[in-house]
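Chain by chain, the residues:
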Amino acid sequence: MSLPFDDGGREPSAGGALPPPSRPEVAAANDDAPVAPSPDGQGDLTCSLPSTATLDDLFRHLSAIEAPSPKVIQQRSAIRTAGRAIGMPLDEIALDPVVLGPLLANCAPAQTGLTPARLRQIRSLVRGAMIDAGVPVIQGRSNTSFSPAWQALHGAITSTKIRIGTSRLVRHLSAKAIAPDKVNVADLEAFRETLLAQGLHREPGKALAVIVRQWNAAVASVAGWPNVTFPRRPDPRRYALAVEVFPTSFIVDMNAYLTAREDPDPFSEDWCRPARPATLDARRKQILQLATAAVKSGLPVESVTSLAVLADRTNAEAALRWLRDRKGGNSQHLAQQALLLAAIARHWVKMAPEHYRQLRTIAERLQVKKKGMSEKNQARMRQFDLPENVGALLTLPGAVLKRAQKIKDPDETVARDVMLAVAIEILLMAPIRLKNLTNLEIGKHLVEIRRGAHHNRHIVLTEADVKNEQPFDIELPGESCALIDAYLQTYRGRLCPPGSTGLFPNEEGELRNQVAFGRAISNFVWREAGLKLTPQLSALAGLLAGANRGKRMVVR
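Just so we're clear, the structure is a prediction, and the values are computed from it rather than from any experiment. (Residues numbered from 1 in each chain as written. Predicted model: local features only at pLDDT ≥ 70, side-chain atom pairs only at ≥ 80, totals over all residues. Heavy atoms only, no water.)

**Side note on the nonpolar core**
Line of reasoning, step 1. Counting residues in hydrophobic clusters, the biggest one holds 51 residues, and the most contacted among them are Ile-426, Leu-437, Leu-440, Ile-459, Tyr-487, Phe-504 and Ile-521.
Line of reasoning, step 2. No other element matches helix H18 (residues 412–429), which puts 13 residues into this core.
Line of reasoning, step 3. If we ignore the near neighbours within four places in the chain, the residues touching Phe-504 are Met-419, Val-422, Ala-423, Ile-426, Leu-437, Leu-440, Tyr-487, Glu-510, Arg-512 and Phe-517. (Core = buried A, V, L, I, M, F, W, Y, C linked by side-chain atoms within 4.5 Å. Buried < 20%, exposed > 50% of the residue type's maximum accessible area, 1.4 Å probe, protein only. Helix = DSSP H or I, 4+ residues; strand = E, 2+ residues; numbered from the N terminus. Contact = heavy atoms within 4.5 Å.)

In structure tokens form, the structure reads like this:
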């Protein structure tokens, strides 16, 4: 069976993927070592490609080689297949790791028709061709051994995360002959620049963030590790000053306001509905953002002594203007910040009504009217105009379980796949918020109704659990219950210690991080079905496709 995006350079194996090249053909060089002559006798394949080179230039360079070796033939085949998988002409794909990395990473097996093994092989061969041609790119894997000093230190690490997270940087330092006691900040910064410019990653910045985090964890926890912290560069999205920067009186006033919003006085004329913890956290961040904006706009930080200072018309307008300039225009978030200032002016500071009305007017002018779904979400939902994509999403959880059940001794990776399949199944059958999904507990939110050999399961959320304060109760269909039963009986115990009540616990048995769990679900859907979806859009897709599954869904 031929692969739809393969050019037929060799016959695929029975499993659909081309057999991997022999080890010498893909042997990895040192991260920073000069390119050595090809071990297959082809000679030095380096060439002078222009700075604006494309994949087509690389392909033409390889095509010009007389009597090409099997390795070169495979590389040419991989480049052509990569272009088809990416969906762009080769002469429009820049030969730049920063550009090419995300394009290759976004080629999903389900979308391209290629097996995961073949996609990995294509990435490896394209990377190898770039290295052979002298294009600056970091190897995906490196055979560089740790120096004896680094081996002793690295071998003493007990944390798997730290050991894996620091290995690339340790290999880099070993290749540079930089001993542990000679490491300095300049060495770490040089590695940063190399990875960001030459790393063939989907998101080099995120890959670097993991390395920085685990290196610094090693500094804090591994005896004898170089006492050199990897500097974290400030995130341009984060601009708020630390709360400790502001006067104590401001901090006290802010905390008092938030406490009053958490437990309002029922006998007060200004009584309002108690705010949820998540809302209070958001209000705290917004207040600090507004205070920071006031300081950035020229107000001395020592003058920010209370919320009344922020609510003052002149200071409020200056802060909002600074935020608007930073944002580049109006936004819903900016309007919410203005509304918060208006609420503080009216209910907390007790300013004159005309002052409150002025802030309300500013908030109305800053609002951006929503017109349904964003263009990005509309594009993602458009995927379901194709019935095959609807089927791919609806059958994904069952297919993952069927694949897992063929493995006699499933490991943690298999169990994690089944966990994500269960999460997607629940979103398809019971469209709930990501926070509610992450916080589901067995017996409390996942309720089993049993009579003899018969049973079913419900997703039950109380008024306190949901944002709109409307109870949510939905019965899951039989096949969803069967999937959950298999997960609970066989796979969940491989992900957490006994005693955890969370449906999706982490390795410590606690509830997972909401953002990380949502990202994992999105990545899983992309990998398994070739669909770009957020967890919330998965739930909406389930609603739209519910009739295809024969499940009548009634959601209050």
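Continuing now.
**A look at the side chain of Asn-216**
Line of reasoning, step 1. Summarising the element assignment, Asn-216 is placed in helix H9 (residues 204–221).
Line of reasoning, step 2. Apart from the residues within four sequence positions on either side, Asn-216 is in contact with Thr-229, Phe-230 and Arg-232.

**Thoughts on the packing of aromatic side chains**
Line of reasoning, step 1. If you walk through the whole model with that rule in mind, you get eight aromatic pairs.
Line of reasoning, step 2. Between the aromatic rings of Tyr-257 and Trp-348, the centroid separation amounts to 5.6 Å while the plane-to-plane angle is 75°, which identifies the pairing as edge-to-face. Linking Tyr-257 in helix H10 (residues 248–262) with Trp-348 in helix H14 (residues 332–348), this pair joins segments that are 91 residues apart in sequence.
Line of reasoning, step 3. With a relative accessible area of 6%, Tyr-257 lands in the buried category.
Line of reasoning, step 4. Judged by relative accessible area, which is 29%, Trp-348 ranks as partly exposed.
Line of reasoning, step 5. When the centroid spacing of 5.3 Å and the interplanar angle of 40° are considered together, the rings of Phe-504 and Phe-517 count as tilted. With Phe-504 in the loop between helix H20 (478–491) and helix H21 (514–529) and Phe-517 in helix H21, this residue pair connects regions lying 13 residues apart in the sequence.
Line of reasoning, step 6. Since its relative accessible area comes to 3%, Phe-517 is described here as buried.
Line of reasoning, step 7. The structure contains a cluster of three or more aromatic residues connected by ring pairs, namely Trp-150, Trp-215 and Trp-225. (Phe/Tyr/Trp six-rings, centres within 6.5 Å; stacked < 30°, edge-to-face > 60°.)

**So, the layout of surface pockets**
Line of reasoning, step 1. There is about 1500 Å³ of room inside the second largest pocket.
Line of reasoning, step 2. Lining of the second largest pocket is provided by 34 residues; of these, Ala-278, Thr-279, Lys-435, Lys-467 and Gln-514 occupy positions nearest its centre.
Line of reasoning, step 3. Elements supplying a minimum of two residues to the lining of the second largest pocket: helix H11 (277–296), helix H19 (434–438) and H21.
Line of reasoning, step 4. Of the residues assigned to the lining of the second largest pocket, the class counts are 10 nonpolar, seven polar and 17 charged. (1 Å grid on protein atoms, 1.4 Å probe; cavity = no way out; pocket = protein on both sides within 12 Å on 5 of 7 lines; lining within 4 Å. Points joined across faces, edges and corners; volume = space filled by probe spheres on them. Nonpolar A, V, L, I, M, F, W, Y, C, P; charged D, E, K, R; others polar.)

**Observations concerning empty space enclosed by the protein**
Vacant regions in the atomic arrangement are exposed by a probe of water-molecule size rolled over the atoms.
Line of reasoning, step 1. Applying the stated criterion across every chain yields a total of two cavities of 30 Å³ or more.
Line of reasoning, step 2. Of the pockets and cavities examined, the second largest cavity occupies roughly 30 Å³.
Line of reasoning, step 3. In this structure, the second largest cavity is lined by Ala-82, Ala-85, Leu-104, Cys-107, Leu-119, Ile-122 and Arg-123.
Line of reasoning, step 4. Elements with a minimum of two residues in the lining of the second largest cavity: helix H2 (70–86) and helix H5 (116–132).
Line of reasoning, step 5. It is H5 that provides the largest number of residues to the lining of the second largest cavity, a total of three residues.

**Some details on unusual backbone geometry**
Line of reasoning, step 1. Positive phi, normally seen in glycine, also occurs at Ala-177, with a value near 60°.
Line of reasoning, step 2. Here Ala-177 lies in the loop between helix H7 (160–175) and helix H8 (185–198).

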